[in-house]
Amino acid sequence: MTVVEERREAEVATPEFEKAANRAASRRGFLLSLPAYAYLVLFFAVPLVIVLIYSFATRNRFGGTDLSGWNFDAYRKLSEPIVRDILFRSLWLAILTTLICLVVAYPFAYFIATRRPLVRNLMLVFVMIPFWTNFLVRNYAWRVLLGNDGLFTNISEALGLGERELLFTTSAVVIGLVYGFLPFMVLPLYASIERIDLSLIEASRDLYASGFQAFRKVLFPLSLPGVIAGSILVFVPSLGAYVTPEILGGAKTTLLGSYIVTQFLTARNWPVGASLSFVLMAVMLVATLVYFRSGGKNL
Amino acid sequence: MGDGGDHSVNDASAAVQLSAITKRFGDVVAVDNVDLEIADGEFFALLGPSGCGKTTTLRMVAGLEFPTEGSLKIFGNEVGTLPPNKRPVNTVFQDYALFPHMTVEANVAFGLKMQRVAKAEIAGRVQEAIGLVRLEGLEQRRSQQLSGGQRQRVALARALVNRPKVLLLDEPLGALDLKLRQEMQRELKALQREVGITFVFVTHDQEEALTMADRIGVMNEGELLQVGTPEGIYERPVNRFVANFIGQSNLIDASVVSGDTVCLADGNHIPGRSDLPVGTRVALCLRPERVEMHPVTAVPAGHTSISGRLESVTYLGNALVYTVANEWTELEIRLENQPGGFRPYVGDDVAVSWMPDAVTVVRA
Amino acid sequence: MSSTVQPRGSTKIALSVHSWLVYLFFFAPIFVLVVFSFSADRNVGRWGGFTLQWYQDFTEHSQLQNAVWVSVRVALLSTLISVVLGTLAALALERFKFRGRKVFDALLYLPIIIPDVTMAVMMLLFFSEFFDVLDAWFGLDLQKGLGSITISHIAFNISFVSVVVRARLAGMSEVLEEAALDLYATRWKTFRYVTFPQIIPGVAGGALLALTLSLDDVVITQFAAGPGATTLPVFVFGLIRRGVTPLINATSVLMLTASVFLVVLSLAFQQFSGRSGRPSLRAARQAVSAKPTTNTHIKEGIYQ
């Protein structure tokens, strides 16, 4: 009796067939990735290379850029006092912002993590809302608050503290940055504290640790991944901040982001702008690597 | 292969036939030159520790992996290079792999829908399959709303509704708790008899394999070591690994002296039948329930014995497990808890004895 | 609950007060902004009675209206394209091994970590060079505008979409797809009936994220925009630099409303998509476990 099957008789498996099958699967994967791959090569990788090329170019007398005669002039310019000051100021403000965020966010995150689930969720939702709100608008809100005739000044006057001009100062920029990036600190901290078995603190208290010792020896070390993650998430965008200093800062507080933009839009020194962009990106990559090394991936 | 006899199958009627099947992942040989025939209507278990290649073997039959080499036939048709959707087999996956976004009914109907079976027929067959696994009334539930046992049944119905020629089950009871597992063992067995389809299941649980399967294939490190009925494998394991993996065994090192005598480590010659060449290093496989324990001076006539000191006694209620040791071996003896039996104390010298036919000589 | 580790006594009061202050810090500026957008006084910061004047001004301001439409078009178009490309990329990376996979993975990851300003510079230089080349070859006179903005938004959105979809795919067992193949589904049907329904929450999350990022962006857009067209945030940013006006207040409140609407939509979607339980909690954890980010970019995590 023959088998009444219309199925086509397949061949006996061979290593060649297996290889061909693997190759076909690999080809399917490549084809799926191709549209995005091609797009990113054309509209991301190529632009990145162009920036790199420009960073070695020379600015000519007409504000244009000569691409011949490559040199390191643009990078050498980084050591000039003006640029160096801007670099250090940006660095200092980014560090300050990070520290303030850490000090403010830690007790807050701890408090959320020790609430019962319902309260916890509610509290988190109200961290998410500012987190998601348009960044520009949130900075603008501070501009309104701190402005000449703003509420802050009015209150300050009413309290007899005199007219306090905060807007266009470094303090205003720091307030804006903290306001903008605080949720970036709160969420990782919360996530890492929430994962800690809090009975460990209980155990340490049982072993005669004081409240502060329990924090310093148990809670803080265990939440370190969150501290590192949050710090990088705040530090990195603070360093490259552009919108906040533009809206809340003054002429005396030029930061890296604004300086780069100026090189392109007004100063027309593209090579310097390009080299600074590259330096900024390098810092970002290093920070990201630190983040991964510190176990940020499996946080 | 195996114990042959009533299960010998010829090519055309073998439900599944693997000939010289090998699967390599890079340098790793997952399945090594396996030959296996599974008869139509058989309930077959592939048994082995994790990583032994049993799941890879099953996946090759399902079409989820292609063999590197070898022939794979289902009812005489070569299928080794066909994709899973062109093979007349269906699988019950380890964690059931029910589609979470579909109801029970939609899950069961999925295979038929994909085969473009007429709507009216789908409805009937789905009902039938759901009835078969006794899930009536749960048709509109989603898998998250089902218990482990119910999910298992849905997975079975979803596969069986397609009337596969062979049903493959990957650790089908692994995710269930003990009590449910035992219940499902009986049920699966009954279900297989009812539908009459060949079931091939993979398990690492020897008890499960012994209880359910008509025949068992024991695998280790990619090799198929032995195929046989549960009894055949338990009684006559081919090597040390099988003896140890299926049930508990006392394994005593020995070497072959002649066709029916082996030499122990202490130089004593005792009966032990084998057809291995003289001098081969072997192990004597003694099941704990097949040995007896007596005072050193009162070994029954016809028994072979080893003496040693009683090291420990474990009380199990219905039975007692004694450990007896001497300088070169350690034995476990399991005795029924009956009044009036020999009850030595720890530290006593005792003789462990057995009838010559209780011992199996296996390759070391 | 671990009641004994709950802060107690004065510690608890201090922590509680601190939390309220943080919330005050978060919401007071927004609240003030919203309130004063209804103030009749031209001087922002002084209450001059309720009015809807500024909102009416907004609707009558033709440049603002133009900018709104540019924003909406850019957001929708870039979201649509990046969702398609990003989802395909996610599928390729999560389900296949292929040559160049690692390079692709890294390339896909760069737009997420690159600073906004750097990316902005890249776009500026690229379009000036690229358009020069095209102009020279084809005798065109290309201008930056809607097209260049959209192209630059897609360039960063693809990455965010793919990260979100990948997270979803990684959480979905490949066995489901094997089960579908085993049940006679072709590859396409497997995708259509099993994979895709499973990743819809991820795709939708990615889409919402792309929308938000596109509607939020200032720096990159500013450099990719030209005389042809500009988006609402860039236009508003320009206005803000010239000073605070009630019109900007009203516009800001409208942008705020759009943001909040998107958040609510995403939270509701998470609840609805059945993976709920503790959405915000999970979101927070994923906000962190999601690849590290810059600026507004950590937002990706919230949608997973």
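Rules behind the numbers
- Residues numbered from 1 in each chain as written.
- Chains lettered and ligands numbered in written order.
- Predicted model: local features only at pLDDT ≥ 70, side-chain atom pairs only at ≥ 80, totals over all residues.
- Helix = DSSP H or I, 4+ residues; strand = E, 2+ residues; numbered from the N terminus.
- Buried ≥ 20, exposed ≤ 12 C-beta atoms within 10 Å, placed from the backbone.
- Contact = placed C-beta atoms within 7 Å.
- Nonpolar A, V, L, I, M, F, W, Y, C, P; charged D, E, K, R; others polar.
- Axes fitted to C-alpha atoms, helices over the stretch in contact; angles between N-to-C directions.
- Parallel < 35°, antiparallel > 145°, perpendicular 65-115°, else oblique.
- Left-handed = near helix turned anticlockwise from the far one by under 90°.
- Pairing = 2+ DSSP bridges.
- Core = buried A, V, L, I, M, F, W, Y, C linked by C-beta atoms within 7 Å.
- Domains from an automatic or database assignment.
- pLDDT = per-residue confidence, 0-100.
- Expected span 1.5 Å × (residues − 1).
- Bend = angle between axes of the 7 residues up to and from the residue.

Visitor: I would appreciate a short explanation of the overall build of chain C in the present structure.
Guide: For chain C, the helix and strand inventory stands at 12 helices and 0 strands. Split into buried and exposed, the 304 residues of chain C put 53% on the buried side.

Visitor: What is the right way to read the overall build of chain B from this model?
Guide: Across its full length, chain B holds 8 helices and 20 strands. Overall size of chain B, expressed as C-alpha extent along the three principal axes, is 80 × 45 × 40 Å. Expressed as a percentage of contacts within chain B between residues at least 6 apart in sequence, the contacts between residues at least 24 apart total 65%.

Visitor: Honestly, the interface of chain C and chain B in this entry has me stumped. Any pointers?
Guide: Reports often express the size of an interface as the amount of accessible area lost when the parts come together. Contacts between the two partners involve 15 residues from chain C, matched on the other side by 16 residues from chain B. For the side of chain C that touches chain B, the elements supplying multiple residues, two or more each, are α7 (174–182) and α8 (187–216) of chain C. Considering each element in turn, the side of chain C that touches chain B owes the most residues, 6 residues, to α7(C). A breakdown of the residues in the side of chain C that touches chain B according to their chemical character gives 9 nonpolar, 3 polar and 3 charged.

Visitor: How do you make sense of the packing of helix α1 (residues 15–55) of chain A against helix α13 (residues 270–293) of chain A when you look at a structure like this?
Guide: In a pair of packed helices, the angle between the axes and the distance between the axes together describe the arrangement. Residue and element names in this part refer to chain A. One can describe the packing of α1 onto α13 by two numbers: an axis separation of 7 Å at closest approach and a directional angle of 120°. With respect to α13, the element α1 is oriented oblique. Here the hand of the crossing between α1 and α13 comes out left-handed. Across from Val51, Leu52, Tyr54 and Ser55 in α1, the residues of α13 making contact are Trp270, Pro271, Ala274, Ser275, Ser277 and Phe278. Across the contact of α1 with α13, the residue classes tally to 7 nonpolar, 3 polar and no charged.

Visitor: What am I meant to see in the sheet that holds strand β4 (residues 69–74) of chain B here?
Guide: Pairing between sheet strands relies on hydrogen bonds along the backbone, with the strands arranged either parallel or antiparallel. Residue and element names in this part refer to chain B. Strand order in the open sheet formed by 4 strands is β2-β1-β4-β5, with antiparallel pairing between adjacent strands. In this open sheet, the two edge strands, each paired with only one partner strand, are β2 (28–39) and β5 (77–78). Summarising the sheet, strand β1 (residues 14–25) and β4 pair through 5 bridges and their orientation is antiparallel. Across the sheet, Leu18 pairs through a bridge with Leu72, a residue of β4.

Visitor: Before we go on, may I ask you to explain the nonpolar core in this structure?
Guide: Ala109(A), Val186(A), Val121(C) and Met123(C) are the most contacted members of the largest nonpolar core, which has 169 residues in total. The leading source of residues in this core is helix α7 (residues 170–195) of chain A, at 17 residues. If you count residues domain by domain, this core takes at least three from each of domain 1 (15–55) and domain 2 (78–298) of chain A. The contact partners of Ala109(A), leaving out residues within four places of it in the chain, are Val186(A), Leu189(A), Tyr190(A) and Ile193(A).

Visitor: Would you take a moment to explain the domain arrangement of chain B for this structure?
Guide: Residue and element names in this part refer to chain B. Its domain assignment divides chain B into domain 1 (5–240) and domain 2 (248–363). For domain 1 and domain 2, the distance between their C-alpha centres works out to 39 Å. Residues of the side of domain 1 that touches domain 2, tallied by class, amount to 2 nonpolar, 1 polar and 2 charged.

Visitor: Can you help me understand the environment of Ser204(A) in this one?
Guide: Residue and element names in this part refer to chain A. Counting through the fold element by element, Ser204 comes out in helix α8 (residues 199–206). Look at Ser204 and you get partly exposed, because 18 C-beta atoms sit within 10 Å. The sequence separation of Ser204 and Lys217 amounts to 13 residues, and the corresponding C-alpha distance is 8.8 Å. Apart from residues lying up to four places away in sequence, Ser204 is in contact with Ala209, Ala214, Lys217 and Val218.

Visitor: Looking at this structure, how should I read the confidence of the model for chain C?
Guide: Residues and elements named next belong to chain C. Summary statistics for chain C give a mean pLDDT of 84 and a share of 86% for residues scoring 70 or more. For the stretch residues 274–304, pLDDT sits under 50, and the model shows 91 contacts to residues farther than four places along the chain or on other chains. Reported confidence for the predicted complex is 0.85 by ipTM and 0.84 by pTM.

Visitor: Would you explain unusual backbone geometry in this entry?
Guide: Most peptide bonds adopt trans geometry, and most residues besides glycine take a negative phi value. All names here are of chain B. You will see that Ala20, though not glycine, has its phi angle at about 50°, which is positive. A positive phi angle, near 55°, is found at Arg116, a position not held by glycine. By secondary structure assignment, the location of Arg116 is in the loop between α2 (104–114) and α3 (119–132). Judged by the 9 C-beta atoms lying within 10 Å of it, Arg116 falls in the exposed class.

Visitor: Is there a simple way to explain the sheet that holds strand β17 (residues 319–325) of chain B in this structure?
Guide: All names here are of chain B. Pairing is antiparallel across the open sheet formed by 5 strands, whose spatial order is β15-β19-β16-β17-β18. Both outer strands of the open sheet, β15 (292–295) and β18 (330–336), are each paired with one neighbouring strand and no more. Ignoring which end each strand starts from, the neighbouring axes of this sheet average 45° apart. Both β15 and strand β19 (residues 349–354) contribute to a ladder of 4 bridges, which runs antiparallel. Bridge pairing in β19 places His294 opposite Ala351.

Visitor: So what exactly am I meant to see when it comes to the pairing of strand β16 (residues 304–315) of chain B here?
Guide: Looking along a regular strand, one sees side chains alternate from face to face of the sheet. Residues and elements named next belong to chain B. When β16 meets β19, the two strands line up antiparallel, connected through 6 bridges. Of the residues in β19, the one forming a bridge with Ile306 is Val352. Pairing analysis gives 6 bridges linking β16 to β17, with the strands arranged antiparallel. Bridge pairing in β17 links Leu310 to Val324. Count of turn residues in the β16/β17 antiparallel hairpin: 3 residues, of which Gly317 carries a positive phi of about 95°.

Visitor: It is not clear to me how the pairing of strand β20 (residues 359–363) of chain B should be interpreted in this structure. Could you clarify?
Guide: Residues and elements named next belong to chain B. Within β20, 4 of the 5 residues are buried, which leaves the element mostly enclosed by the surrounding structure. Pairing analysis gives 5 bridges linking strand β14 (residues 281–286) to β20, with the strands arranged antiparallel. Following the sheet pairing, Val282 is matched in β20 by Arg363.

Visitor: I tried to follow the interface of chain A and chain C on my own but got confused; where do I start?
Guide: Counting from both sides, the interface comprises 88 residues of chain A and, opposite them, 92 residues of chain C. Counting residues per element, the side of chain A that touches chain C draws most heavily on α1(A), at 21 residues. Here the side of chain A that touches chain C is built from residues that sort into 64 nonpolar, 17 polar and 7 charged.

Visitor: Which parts of the structure should I look at to understand the packing of α1(A) against helix α6 (residues 146–170) of chain C?
Guide: At a minimum axis distance of 10 Å, the contact between α1(A) and α6(C) shows a crossing angle of 135°. Regarding the angle of α1(A) to α6(C), the classification is oblique. Of the two elements, α1(A) crosses α6(C), and the hand of that crossing is left-handed. Here α1(A) contributes Ala36(A), Tyr39(A), Leu40(A), Phe43(A) and Phe44(A) to the contact with α6(C), which in turn contributes Ile151(C), Ile154(C), Ala155(C), Ile158(C) and Ser162(C). Of the residues assigned to the contact of α1(A) with α6(C), the class counts are 9 nonpolar, 1 polar and no charged.

Visitor: How should α8(C) be read in this particular structure?
Guide: An α-helical segment advances 3.6 residues per turn. Residues three or four places apart therefore align on the same side. Its 30 residues give α8(C) an end-to-end C-alpha distance of only 38 Å, which falls more than 12% under 44 Å, the value for a rise of 1.5 Å per residue. Along α8(C), the sharpest kink reaches roughly 50°, centred on Ile200(C) and followed within four residues by the proline Pro201(C).

Visitor: What am I meant to see in the confidence of the model for chain B here?
Guide: When pLDDT drops low, the exact placement of atoms in the prediction is not to be read closely. Of all residues in chain B, 97% attain a pLDDT of 70 or more, and the chain-wide mean is 90. In the predicted structure, residues 1–10 of chain B sits below a pLDDT of 50 and forms 14 contacts with residues beyond four places in sequence or in another chain.

Visitor: Honestly, the environment of Ser13(B) in this entry has me stumped. Any pointers?
Guide: By the element assignment, Ser13(B) lies in the segment before β1. On the basis of neighbour count, Ser13(B) is assigned to the partly exposed category, with 13 C-beta atoms found within 10 Å.

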